[in-house]
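Coordinates in review
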Number of protein chains: 2
Amino acid sequence: MHVKVYLAGPEVFLPNAVEIQREKAALARAAGFTPLVPGDLEIPPAATKHERGLAIYAVDEGMMMACDMIIANLTPFRGISADVGTVFELGFMCGRGKHAYAYTNTSRSYYERILNDHYMGEAALRADGRMAGPDGISIEDFDMADNLMLDGGVLRRDGTLVQREVPEAARLTDLEAFKECLAIAARQHLG
Amino acid sequence: MHVKVYLAGPEVFLPNAVEIQREKAALARAAGFTPLVPGDLEIPPAATKHERGLAIYAVDEGMMMACDMIIANLTPFRGISADVGTVFELGFMCGRGKHAYAYTNTSRSYYERILNDHYMGEAALRADGRMAGPDGISIEDFDMADNLMLDGGVLRRDGTLVQREVPEAARLTDLEAFKECLAIAARQHLG
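Residues numbered from 1 in each chain as written. Chains lettered and ligands numbered in written order. Predicted model: local features only at pLDDT ≥ 70, side-chain atom pairs only at ≥ 80, totals over all residues. Heavy atoms only, no water.

1. Focus on the sheet that holds strand β7 (residues 161-163) of chain B
Backbone-to-backbone hydrogen bonds pair the strands of a sheet. The strands run either parallel or antiparallel. All names here are of chain B. With respect to topology, five strands assemble into an open sheet ordered β2-β1-β3-β4-β7, the strand pairing being parallel. Sheet topology places β2 (34-36) and β7 at the edges, where each strand pairs with a single neighbour. Between one strand and the next, the sheet's axes are offset by a mean angle of 20 degrees, whatever the strand orientation. Sheet strands touched by helix α6 (residues 176-189): β1 (4-8), β3 (69-73), β4 (99-104) and β7. Its angle to β4, the strand with the most contacts, is close to 155 degrees. (Pairing = 2+ DSSP bridges. Helix = DSSP H or I, 4+ residues; strand = E, 2+ residues; numbered from the N terminus. Axes fitted to C-alpha atoms, helices over the stretch in contact; angles between N-to-C directions. Contact = heavy atoms within 4.5 Å.)

Here is the structure:
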């Protein structure tokens, strides 16, 4: 039986996007899965940038519909949270009731990142008992890797969220946590 | 006929969360909808922060399952993109085939925000012809409000994404674009 897995993550933006996506697909195949990767398919021609964006969306949505599972790279991307494109895809697959796995190449919690990376440690208790930044906006504190909808979406199914500390220089390219997801998902859904 | 709409957005983190969520719900009711808002329901007690986070997820997912439509506030939150919790919810509802509307209180494109707010204008053409930051990571350029999965998820259905320029001080609280979404959604799905 073929189990098709959608490999979501911000790799598509990297200078070595093709190589790293090829490597992830090869690892997924070696684990026994049939991988589908955004960018795999030809995008039909479009008259404007906006139409091209919509055409890419349509191809990606079609690939998600064809898959049984998602493995999402939730490593923080250009800020304190995961890439929003990847997060949409994780939500989409959870909404469809597909299997969901995720990994992030930092062991620091979302709370720590909001507090220290966004507010530079400047926070205080609000009148309602929640920690908040100087702007009064509360700091989510649930010992989770990212916003609770992301962790919850994975963990409220049969999924696993792998957190691993990777030095900053390799944070967007290191594949050890991805391999760990593959191994766990293979034990649960193959053979 | 009752059309139930899930009101998603980062309002839940604001110091006046209760008031603004109440105001959004009142506006939705006035437009003819039955609103459901994260935080509306009692969260069952939990032994740890992590378990409490999962319990909140479960309540929010249950509310989404009960709704026919989402109106998502995609205004940039703590960075260049929408709140990832809201993005997960938008993806979830698109995955379930529900109606999806969204708004953002900035008229600046995702491209502009990555280029100017994240890379401070420092970008150059990459060997593959894409614009990229000094880190070599490409800058998405599709004349869209945010990552193409967000705009695409809304526009590839019957949805509308309302963009409106709001001064920074009121960006997370202004409800004009939300009202516009309600009016459009009401014309399409009520009466």
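2. Considerations on helix α3 (residues 84-95) of chain B
All names here are of chain B. Taking 1.5 Å of rise per residue, the 12 residues of α3 would be expected to cover 16 Å, and the 16 Å separating its terminal C-alpha atoms lies within 8% of that figure. Summarising burial for α3: 12 of the 12 residues are buried, a large majority. Buried within α3 we find Val-84, Gly-85, Thr-86, Val-87, Phe-88, Glu-89, Leu-90, Gly-91, Phe-92, Met-93, Cys-94 and Gly-95. Downstream of α3 by one or two residues, Gly-97 has phi in the positive range, about 75 degrees. (Expected span 1.5 Å × (residues − 1). Buried < 20%, exposed > 50% of the residue type's maximum accessible area, 1.4 Å probe, protein only.)

3. Overview of the nonpolar core
Phe-33 and Leu-90 of chain A together with Phe-33 and Leu-90 of chain B are the most contacted members of the largest nonpolar core, which totals 129 residues. Discounting chain neighbours no more than four positions away, the residues touching Leu-90 of chain B are Phe-88 of chain A together with Ile-70, Ala-72, Leu-74, Ala-100, Leu-150 and Val-154 of chain B. (Core = buried A, V, L, I, M, F, W, Y, C linked by side-chain atoms within 4.5 Å.)

4. Let's talk about the pairing of β1 of chain B
The side chains of a regular strand alternate between the sheet's two faces. Residue and element names in this part refer to chain B. Most of β1 is tucked away: four of the five residues are buried. Note: β1 against β2, three bridges, orientation parallel. Bridged to Tyr-6 within β2 is Leu-36. Once you follow β1 into helix α1 (residues 17-30) and on to β2, the crossover reads as right-handed. With four bridges joining them, β1 and β3 adopt parallel strand pairing. Across the sheet, residue Leu-7 finds its bridge partner in β3, namely Ile-71. (Right-handed = clockwise from strand over helix to strand, strands pointing away.)

5. Some points on the interface of chain B and chain A
Chain B puts 59 residues into the contact, and the matching count from chain A is 59 residues. Across the chain B/chain A interface, buried area totals approximately 4800 Å², and carbon plus sulfur atoms make up 67% of it. The largest per-residue losses of area from chain B upon contact with chain A belong to Arg-78, Val-84 and Met-149 of chain B, which jointly make up 17% of the total buried on that side. Where chain B packs against chain A, one counts four salt bridges. One salt bridge connects Lys-49 of chain A with Asp-141 of chain B, and the closest N-O pair in it is separated by 2.9 Å. Our count for the chain B to chain A interface comes out at 22 residue pairs in polar contact (both at pLDDT 80 or more). Those elements giving two or more residues to the side of chain B that touches chain A turn out to be α2 (49-66), α3, α4 (110-118) and α5 (148-155) of chain B. Per-element tally for the side of chain B that touches chain A: the top contributor is α2 of chain B, with 12 residues. (Buried area = accessible area lost by both parts, 1.4 Å probe. Salt bridge = Lys/Arg side-chain N within 4 Å of Asp/Glu carboxyl O. Polar contact = N/O pair within 3.5 Å; in protein donor to acceptor, adjacent residues only side chain to side chain.)

6. Digging into empty space enclosed by the protein
Applying the stated criterion across every chain yields a total of four cavities of 30 Å³ or more. Looking at the largest cavity, its volume works out to about 220 Å³. Taken together, the residues that form the lining of the largest cavity break down as 10 nonpolar, four polar and four charged. (1 Å grid on protein atoms, 1.4 Å probe; cavity = no way out; pocket = protein on both sides within 12 Å on 5 of 7 lines; lining within 4 Å. Points joined across faces, edges and corners; volume = space filled by probe spheres on them. Nonpolar A, V, L, I, M, F, W, Y, C, P; charged D, E, K, R; others polar.)

7. Re the packing of aromatic side chains
Under the definition given, this model contains eight aromatic pairs over all chains. Pairing Tyr-103 of chain A with Phe-178 of chain A gives two aromatic rings, centres 5.8 Å apart and planes at 55 degrees, and the pair type is tilted. Residue Tyr-103 of chain A is found in strand β4 (residues 99-104), and its partner Phe-178 of chain A is found in helix α6 (residues 176-189); the two are separated by 75 residues along the sequence. For the residue pair Tyr-103 of chain A and Phe-178 of chain A, the accessibility class agrees, reading buried in each case. The interplanar angle of 75 degrees and the centroid separation of 6.0 Å between the aromatic rings of Tyr-57 of chain B and Phe-88 of chain B together place this pair among those described as edge-to-face. Taken as a pair, Tyr-57 of chain B in helix α2 and Phe-88 of chain B in helix α3 lie far apart in primary sequence, 31 residues in all. Residue class for Phe-88 of chain B comes out buried when judged on its relative accessible area of 0%. An aromatic cluster of at least three residues, connected via ring pairs, comprises Tyr-57, Phe-88 and Phe-92 of chain A. Lys-24 of chain A extends its terminal NZ or CZ atom over the ring of Phe-178 of chain A, reaching a point 4.7 Å from the ring centre. (Phe/Tyr/Trp six-rings, centres within 6.5 Å; stacked < 30°, edge-to-face > 60°. Lys NZ or Arg CZ within 6 Å of the ring centre and 35° of its normal.)

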